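The lines below spell out each chain.
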Amino acid sequence: MRRTRQLFLPGLCLLAGLSAVALVYVGDHFLWHGFNRRSGYFGTEFMRSILYAINDPYAIHIVALIWFSYAAVTTYLCGWVIWRLFRQG
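First, a word on what this report is: a plain description of the structure on this page. All values derive from a computational prediction rather than experimental measurement. (Residues numbered from 1 in each chain as written. Predicted model: local features only at pLDDT ≥ 70, side-chain atom pairs only at ≥ 80, totals over all residues. Heavy atoms only, no water.)

**So, the overall build of the protein chain**
Consideration 1: Scanning the protein chain from N- to C-terminus turns up 3 helices and 2 strands.
Consideration 2: Overall, the protein chain shows an N-to-C arrangement of helices and strands of α-β-β-α-α.
Consideration 3: At 16 Å, the protein chain has a C-alpha radius of gyration far larger than the 12 Å of a compact globule built from 89 residues.
Consideration 4: The burial tally for the protein chain puts 33% of its 89 residues in the buried class.
Consideration 5: A separation threshold of at least 6 residues defines the contact pool for the protein chain, and within that pool the share at least 24 residues apart is 52%.
Consideration 6: When the accessible area of the protein chain is evaluated, it comes to approximately 6600 Å², of which 69% is carbon and sulfur surface. (Helix = DSSP H or I, 4+ residues; strand = E, 2+ residues; numbered from the N terminus. Rg over C-alpha atoms; globule rule 2.2 N^0.38 Å. Buried < 20%, exposed > 50% of the residue type's maximum accessible area, 1.4 Å probe, protein only. Contact = heavy atoms within 4.5 Å. Areas by Shrake-Rupley, 256 points an atom, 1.4 Å probe, with all protein chains shown as cover.)

**Let's talk about the nonpolar core**
Generally speaking, soluble globular proteins have nonpolar side chains that are buried together.
Consideration 1: Within the largest apolar cluster, 14 residues are counted, with the highest numbers of intra-cluster contacts made by Val24, Tyr41, Leu51, Val63 and Trp67.
Consideration 2: For this core, the element with the highest residue contribution is helix H3 (residues 56-88), accounting for 7 residues. (Core = buried A, V, L, I, M, F, W, Y, C linked by side-chain atoms within 4.5 Å.)

**Examining a nonpolar patch on the surface**
Consideration 1: Judged by side-chain polarity, Val73, Tyr76, Leu77, Trp80, Val81 and Leu85 come together as a nonpolar surface patch covering roughly 580 Å² of accessible area.
Consideration 2: Mapping Val81 onto the fold places it in helix H3.
Consideration 3: We classify Val81 as partly exposed; its relative accessible area is 40%. (Patch = residues over 30% accessible without salt bridge, like charges linked within 9 Å, V, L, I, M, F, W, Y side chains within 5 Å. Salt bridge = Lys/Arg side-chain N within 4 Å of Asp/Glu carboxyl O.)

**As for the state of the cysteines**
Each disulfide consists of a covalent bond between the sulfur atoms of two cysteine residues.
Consideration 1: According to the stated counting rule, one finds 0 disulfides in the structure shown.
Consideration 2: Between Cys13, a free cysteine, and Cys78, which holds the nearest cysteine sulfur, the sulfur-to-sulfur gap is 9.6 Å.
Consideration 3: The exposure class assigned to Cys78 is partly exposed, which follows from its relative accessible area of 42%. (Disulfide = S-S within 2.5 Å.)

**Considering H3**
Consideration 1: Over its 33 residues, H3 runs 48 Å from end to end, which matches the ideal 48 Å to within 8%, given 1.5 Å per residue.
Consideration 2: Residues of H3 that are buried: Ala59, Ile60, Val63, Ala64, Ile66, Trp67, Ala71, Ala72, Thr75, Gly79 and Trp83. (Expected span 1.5 Å × (residues − 1).)

Pasting the structure below:
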(Lines give C-alpha, C1' and ligand atoms only; values in the text may rest on other atoms or scores of the structure.)
Protein backbone atom coordinates (compact mmCIF):
# COMPACT_ATOMS: atom_id res chain seq x y z
CA MET A 1 0.00 0.00 0.00
CA ARG A 2 2.82 2.41 0.80
CA ARG A 3 4.39 1.94 -2.62
CA THR A 4 1.06 2.72 -4.29
CA ARG A 5 0.69 5.95 -2.31
CA GLN A 6 4.27 6.95 -3.10
CA LEU A 7 3.53 6.69 -6.81
CA PHE A 8 -0.08 7.87 -6.92
CA LEU A 9 -0.09 10.97 -4.71
CA PRO A 10 2.75 12.91 -6.43
CA GLY A 11 1.18 12.22 -9.80
CA LEU A 12 -2.16 13.46 -8.54
CA CYS A 13 -0.51 16.61 -7.16
CA LEU A 14 1.17 17.24 -10.50
CA LEU A 15 -2.11 16.79 -12.36
CA ALA A 16 -3.92 19.17 -10.01
CA GLY A 17 -1.17 21.76 -10.37
CA LEU A 18 -1.17 21.56 -14.15
CA SER A 19 -4.95 21.89 -14.17
CA ALA A 20 -4.68 25.05 -12.07
CA VAL A 21 -2.05 26.48 -14.43
CA ALA A 22 -4.31 25.74 -17.40
CA LEU A 23 -7.18 27.49 -15.61
CA VAL A 24 -5.07 30.63 -15.17
CA TYR A 25 -3.97 30.77 -18.81
CA VAL A 26 -7.42 29.96 -20.23
CA GLY A 27 -9.08 32.44 -17.86
CA ASP A 28 -6.68 35.14 -18.93
CA HIS A 29 -7.28 34.39 -22.59
CA PHE A 30 -11.09 34.48 -22.29
CA LEU A 31 -11.04 37.43 -19.82
CA TRP A 32 -12.84 35.58 -17.01
CA HIS A 33 -13.40 37.74 -13.95
CA GLY A 34 -10.72 36.97 -11.37
CA PHE A 35 -8.46 35.33 -13.92
CA ASN A 36 -7.31 38.19 -16.11
CA ARG A 37 -5.03 41.21 -16.04
CA ARG A 38 -7.76 43.84 -15.89
CA SER A 39 -9.79 42.51 -12.95
CA GLY A 40 -6.84 41.05 -11.08
CA TYR A 41 -6.00 37.47 -10.28
CA PHE A 42 -8.00 35.59 -7.68
CA GLY A 43 -5.86 34.33 -4.81
CA THR A 44 -3.01 36.76 -5.31
CA GLU A 45 -4.32 39.83 -3.50
CA PHE A 46 -1.33 39.77 -1.15
CA MET A 47 0.97 40.70 -4.01
CA ARG A 48 -1.28 42.82 -6.21
CA SER A 49 1.08 45.82 -6.20
CA ILE A 50 4.04 43.67 -7.23
CA LEU A 51 2.10 42.09 -10.08
CA TYR A 52 0.96 45.52 -11.22
CA ALA A 53 4.54 46.80 -11.24
CA ILE A 54 5.82 43.81 -13.22
CA ASN A 55 5.31 43.76 -16.96
CA ASP A 56 2.19 41.79 -17.98
CA PRO A 57 3.85 38.87 -19.78
CA TYR A 58 5.79 38.00 -16.64
CA ALA A 59 2.96 38.52 -14.16
CA ILE A 60 0.81 35.76 -15.69
CA HIS A 61 3.63 33.25 -15.26
CA ILE A 62 4.10 34.21 -11.62
CA VAL A 63 0.38 33.80 -11.01
CA ALA A 64 0.43 30.42 -12.75
CA LEU A 65 3.29 29.30 -10.49
CA ILE A 66 1.38 30.45 -7.39
CA TRP A 67 -1.74 28.60 -8.51
CA PHE A 68 0.31 25.48 -9.25
CA SER A 69 1.63 25.63 -5.69
CA TYR A 70 -1.84 26.17 -4.22
CA ALA A 71 -3.29 23.18 -6.08
CA ALA A 72 -0.38 20.81 -5.49
CA VAL A 73 -0.12 21.50 -1.76
CA THR A 74 -3.89 21.31 -1.22
CA THR A 75 -4.10 18.03 -3.14
CA TYR A 76 -1.22 16.57 -1.17
CA LEU A 77 -2.72 17.54 2.19
CA CYS A 78 -6.17 16.21 1.26
CA GLY A 79 -4.68 12.99 -0.05
CA TRP A 80 -2.59 12.52 3.07
CA VAL A 81 -5.59 13.08 5.36
CA ILE A 82 -7.78 10.68 3.37
CA TRP A 83 -5.02 8.05 3.37
CA ARG A 84 -4.65 8.38 7.16
CA LEU A 85 -8.42 8.07 7.69
CA PHE A 86 -8.66 4.91 5.60
CA ARG A 87 -5.61 3.41 7.25
CA GLN A 88 -7.04 3.86 10.73
CA GLY A 89 -10.51 2.64 9.75
